[in-house]
Amino acid sequence: MSYELPKRGTSADLAQSPYDLGADWIRANVAAAAATFVLGLATFGLRQMLGLPDPDADAFAKALLAAAEVLAAATGFGIYATRTGAVLARKLPGFPPLTWNALHLLIGCGVGATVASIEINAEPVTREGVAMSSILSIAVGGMMIGAIIGAAAGGMQALVLRKAAREVGDWIRWSALAGTTFGGYALVLAIGSDQPLTDEVLTQLLGAAITIAAGVAMLPALYRLQPR
């Protein structure tokens with residue numbers, strides 16, 4: 001009498017499960033959002049220590065903040081690339097992880113440099129109540145800008161994905177839709193208290209929620225990717 005051990009599913013079999021793939025994709029986006037939340041609080045702490053924004057701050061303080069913002073953004077995007085890249089590699093056998101990671105590290109450096117420039121040149125402000133109509137108007141504008149940014153980012157990602165996928169047009173279109181979640185940042189205007197840390201925590205939580213929402217919006221694009 002002979003006995004045979006039950007065969008385990010191969011990675012190819014697992015890749016065919018939309019539920020597993022989608023769940024892993026969402027988990028990847030949640031991990032990236034959590035990391036960005038922590039990094040955001042860390043850079044906030046550094047800004048508080050350096051007393052920024054301050055027009056009279058010395059060059060060293062500004063350079064230190066700029067370096068921290070670039071490093072934080074690059075790290076956040078790197079975590080996103082690593083986690084989402086692992087999911088994409090299951091769907092696309094020919095997926096190039098190094099190129100994917102390098103692209104997002106570059107994007108992260110650009111985002112970090114932009115954020116640092118805004119923070120260094122900003123004037124200290126106090127948050128006051130904003131009319132709901134103003135928040136809605138800014139949200140609509142943010143959605144339009146976000147769609148453009150999303151399409152641009154999706155286009156860059158598609159240049160990498162096309163090496164392993166047959167059709168990447170849907171990826172760009174869904175990226176534009178995911179970018180509309182950027183309009184949610186208008187809710188920052190509704191955050192206001194006498195506690196800067198509380199405001200920052202709420203702002204970072206909002207950013208994390210927007211990141212996860214954008215990731216969920218990309219699920220249809222993920223499912224439609226077909227390997228070459």
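Residues numbered from 1 in each chain as written. Predicted model: local features only at pLDDT ≥ 70, side-chain atom pairs only at ≥ 80, totals over all residues. Heavy atoms only, no water.

Engineer: Where do I start with the environment of T211 in this structure?
Structural biologist: Note on placement: T211 falls in helix α7 (residues 196-217). Accessibility expressed as a relative area gives 28% for T211, which makes it partly exposed. A sequence separation of 141 residues divides T211 from V70, and the C-alpha atoms of the two residues are 18 Å apart. Setting aside residues up to four positions removed in sequence, T211 forms contacts with N29 and A33. (Helix = DSSP H or I, 4+ residues; strand = E, 2+ residues; numbered from the N terminus. Buried < 20%, exposed > 50% of the residue type's maximum accessible area, 1.4 Å probe, protein only. Contact = heavy atoms within 4.5 Å.)

Engineer: What is the right way to look at empty space enclosed by the protein in this model?
Structural biologist: A water-sized probe, rolled over the atoms, reveals where empty space remains. Using the criterion set out here, one finds 1 cavity of 30 Å³ or more in the structure. Size it by volume and the largest cavity reaches roughly 30 Å³. Contributing to the lining of the largest cavity are E167, V168, D170, W171, A221, R224 and L225. Among the secondary structure elements, those contributing two or more residues to the lining of the largest cavity are α6 (169-179) and α8 (219-224). Looking at the lining of the largest cavity residue by residue, the classes come out as 4 nonpolar, no polar and 3 charged. (1 Å grid on protein atoms, 1.4 Å probe; cavity = no way out; pocket = protein on both sides within 12 Å on 5 of 7 lines; lining within 4 Å. Points joined across faces, edges and corners; volume = space filled by probe spheres on them. Nonpolar A, V, L, I, M, F, W, Y, C, P; charged D, E, K, R; others polar.)

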